[in-house]
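Summary of the model geometry
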Amino acid sequence: MSAKPGKIFIDNLWFNNPVLIQVLGICSTLAVTNNVRNTLVMTVGVSLATAFSSWTLSLMKDLIPRKVRMIVQVLVISFYVILIDILLRAYLPDASRQLGPYVGLIITNCIIMGRAEAFAAANKPLISFWDGLTSGIGYMAVLVAIALVRELLGFGSVLGFRVMPEGFVPWTIMITAPSAFFLVAMVMWLARNLQARREAAAKAAKAAKAAPKPAAGPSPAKA
Amino acid sequence: MFQKQPMMRKVLWALAPIGLYSIWAYGLRALAVAAVTFAVGVGVEWLFERKKGGKTSEAVLVSCALYALSMPPAVPLWIVALGIAFGVFMAKEVYGGFGRNVFNVAIAGRLFVYISFAGALGGAWLPHGGFGMAAGSLLGPVDAYSGATPLELMRTGGSVPILDLLLGLRDGTIGEAPIVLILAAAVYMAATKTANWKLMVATAAGGLATAGGLLLAGVAKALPLESLLAGSFLFVAVFMSTDPVTAPKKAPAQWAYGLLIGAVAVIIRTFSLFPEGTSFAILIGNSFASLFDRMAADAAARKKARLAGAAGGAA
Amino acid sequence: MDFEFFTMNPIALFFASIFTSNILMSNFLGMCSFISVSKDYKSSFGLGLAVTVVMTITAAVSWVVLYYILVPLGLEYLSFIVFIIVIAAVVQILEMVIDRASPALYLSLGIFLPLITVNCAILGAILFMQIRRYGFIESTVFAAGSGLGWWLAIMLLAAIRGRIENNPVPAGLKGAGITMITIGFMAMGFIGFSGMIAVQ
């Protein structure tokens, strides 16, 4: 399976978005989405961990015996997450403290394992790196959007700067867990509707012209 | 425009006297809250159903009425609109409309604004009586009012005369106070089989038992009888825990459901950050309803299998 | 060991970890397997049981490893990798023990064990115990409570999903979307308990 970098990017960002379509990896990050800065830090961490893990595992793919593949994958991922944790502690001690256990939880983020299994196991290192990175960016896009809404309505600010007018009453529920669940569902709904509409339009066009069907994206893989 | 639902009409009849009480207690303020609630709630359902080609249910009227009656009288009207819009949209339409919802629509809406704007709602009380004249203002911005509801008095260790509680001569949300009228509605709905009496009794029993237990354990502010009469306990026990869509269907499950709601309501209002726990209790009860039904069904199936096995052995 | 452990009444901690700060509903942990498995009531039961058992054992073992090996050797920065290895090892050993001891139990529980190694709730509970500096008793009790809380949440959700399976939910919300909304409402109810017992 070889795919073009541009197509991989579009797929990971939109047609096969890890959160919206594959529903992967929400566990470890949803908790920090009431604050845009922390969400950015976390999702950059996830993107880098995914990219480097995919790259490394793709390099090693012929050396790992099948039986211990999963544990090797987890160890490689843990290695990169420990690096991220150490870097955060050194350069962003504030964010590191607020994120608490969630940095370590990047290890069990299913997106990383998912990309390692679905893509890196069958592709060259460099393109695997790109696939991991773009998956992370697709993930980042969704979570930052959710964090924007939550911080804006929950605190009246964006990235810590107050943007809402004087009389604005903050919506406390946006700081609490339920709002994250509701917002993920709403974004998911929107994205799937848009895609379904596009698909329907494509189908109609195909029926009209009997043109070849557009190639489907790589099938979503479960970790 | 509306789909006919005789059961829902009976609930509306049962709510009518409470509505009249609310007009006596808070005057135009109560009407304004109701007007916004009905306009937004029915509007959201109509928009959704129109897209699907369905009819607006009369159940949404019941949800709106219950929601409006459970608002504090001085609540800002935009909060009223936000809550009912959320409730009808997220708790009902998204699940597929009437009869499909898992969570009580009125409670979902109320809790959304109650958690969000605890400050704004917690201080939104008005003195009751005289068709809103007691509050000194009819519609516009309402002056800050430093009175305390019986529930708040109890939390701080004060006492409340029981007769006033019974007659609804106290401050509270728009329609939670008139205990006598709520009890009359309960009898009417139980007699016409509009609402399940088991659910009401179980909820009240759960609340009484928990408050009694806490009192015996030395928690002074948990007074059993007052717990039942203050706040929105009875209102919720009679109108919300009996919601036929979100309550369990099997009798043993219904008992467990009511007891759970009563107990959780008392525990939350006694110990947690929030002064009132009834709405949370309903949502928690709703979460357990399907599981209780499933467990009751499994137990019944096991019993049947055992009986069949015994009969087979005897034969 | 020269630092202070956080101490707390174990019974209060136990209830707090089930109800007031449920690992799934307030910390979002263990959602991946939660969403895929909670479609089926029976599997949810098995997975919940397995998670509870593994969580309790791994937390206890990890605590011992952390404070008797890693901390004295100054290797605390390796804790992530060590925890993952502990989880994998416990799952592996448990699988063998159950297989030997009771084939019936293996059928109902064993098949879920491999799924658990990457369940974020397990690692999450261990990381919470590390960051909050729980003592041994607190760690074990907290892990058991978190496991039970997760079990409870997945059973509730599985029962609800059985009920709404045939609902005419909007197409874009079918499956994951409506499940998220349902967890959202459950979490909203459980917010009521906040302020009762603070875990930290």
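Residues numbered from 1 in each chain as written. Chains lettered and ligands numbered in written order. Predicted model: local features only at pLDDT ≥ 70, side-chain atom pairs only at ≥ 80, totals over all residues. Heavy atoms only, no water.

**Section: unusual backbone geometry**
Comment: phi is negative for the bulk of residues other than glycine, and the bulk of peptide bonds are trans. Phi is positive for Lys193(B), close to 55°, though the residue is something other than glycine. With respect to the secondary-structure elements, Lys193(B) resides in the loop between helix H9 (179-191) and helix H10 (197-216). (Helix = DSSP H or I, 4+ residues; strand = E, 2+ residues; numbered from the N terminus.)

**Details of the pattern of salt bridges**
Residue and element names in this part refer to chain A. For the coordinates displayed, the defined rule picks out nine salt bridges over all chains. The salt bridge partner of Lys7 is Asp11, with a shortest N-O separation of 2.9 Å. Of this pair, Lys7 and Asp11 both sit in helix H1 (residues 5-15), four residues apart, roughly one helical turn. The buried category is assigned to Asp11, whose relative accessible area is 6%. A salt bridge links Arg115 to Asp131, with the shortest nitrogen-to-oxygen separation between them at 3.0 Å. Of the two residues, Arg115 sits in helix H6 (residues 110-118) while Asp131 sits in helix H7 (residues 125-155), which places them 16 residues apart along the sequence. (Salt bridge = Lys/Arg side-chain N within 4 Å of Asp/Glu carboxyl O. Buried < 20%, exposed > 50% of the residue type's maximum accessible area, 1.4 Å probe, protein only.)

**Observations regarding empty space enclosed by the protein**
Residue and element names in this part refer to chain B. According to the stated counting rule, one finds three cavities of 30 Å³ or more in the structure shown. Of the pockets and cavities examined, the largest cavity occupies roughly 270 Å³. Taken together, 22 residues line the largest cavity, and the ones lying closest to its centre are Met8, Val62, Leu66, Asp243 and Pro244. Those elements that provide at least two residues to the lining of the largest cavity are helix H1 (6-26), helix H3 (59-69) and helix H5 (105-116). Ranked by residue count, the leading element in the lining of the largest cavity is H3, at four residues. Here the lining of the largest cavity is composed, by residue class, of 14 nonpolar, six polar and two charged. Two domains share the lining of the largest cavity, each providing at least three of its residues, namely domain 1 (1-147) and domain 2 (196-308). (1 Å grid on protein atoms, 1.4 Å probe; cavity = no way out; pocket = protein on both sides within 12 Å on 5 of 7 lines; lining within 4 Å. Points joined across faces, edges and corners; volume = space filled by probe spheres on them. Nonpolar A, V, L, I, M, F, W, Y, C, P; charged D, E, K, R; others polar. Domains from an automatic or database assignment.)

**Details of the domain arrangement of chain B**
All names here are of chain B. Domains assigned within chain B are domain 1 (1-147) and domain 2 (196-308). Using C-alpha coordinates to define each centre, domain 1 is positioned 23 Å away from domain 2. Each side of the interface is counted separately: domain 1 has 21 residues, and domain 2 has 16 residues. When domain 1 packs against domain 2, close to 1,700 Å² is buried across both sides, 77% of that on carbon and sulfur atoms. A per-residue breakdown of the area domain 1 buries against domain 2 is headed by Asn104, Ile107 and Tyr114, which together make up 31% of the total. On the surface where domain 1 and domain 2 come into contact, there are zero salt bridges. (Contact = heavy atoms within 4.5 Å. Buried area = accessible area lost by both parts, 1.4 Å probe.)

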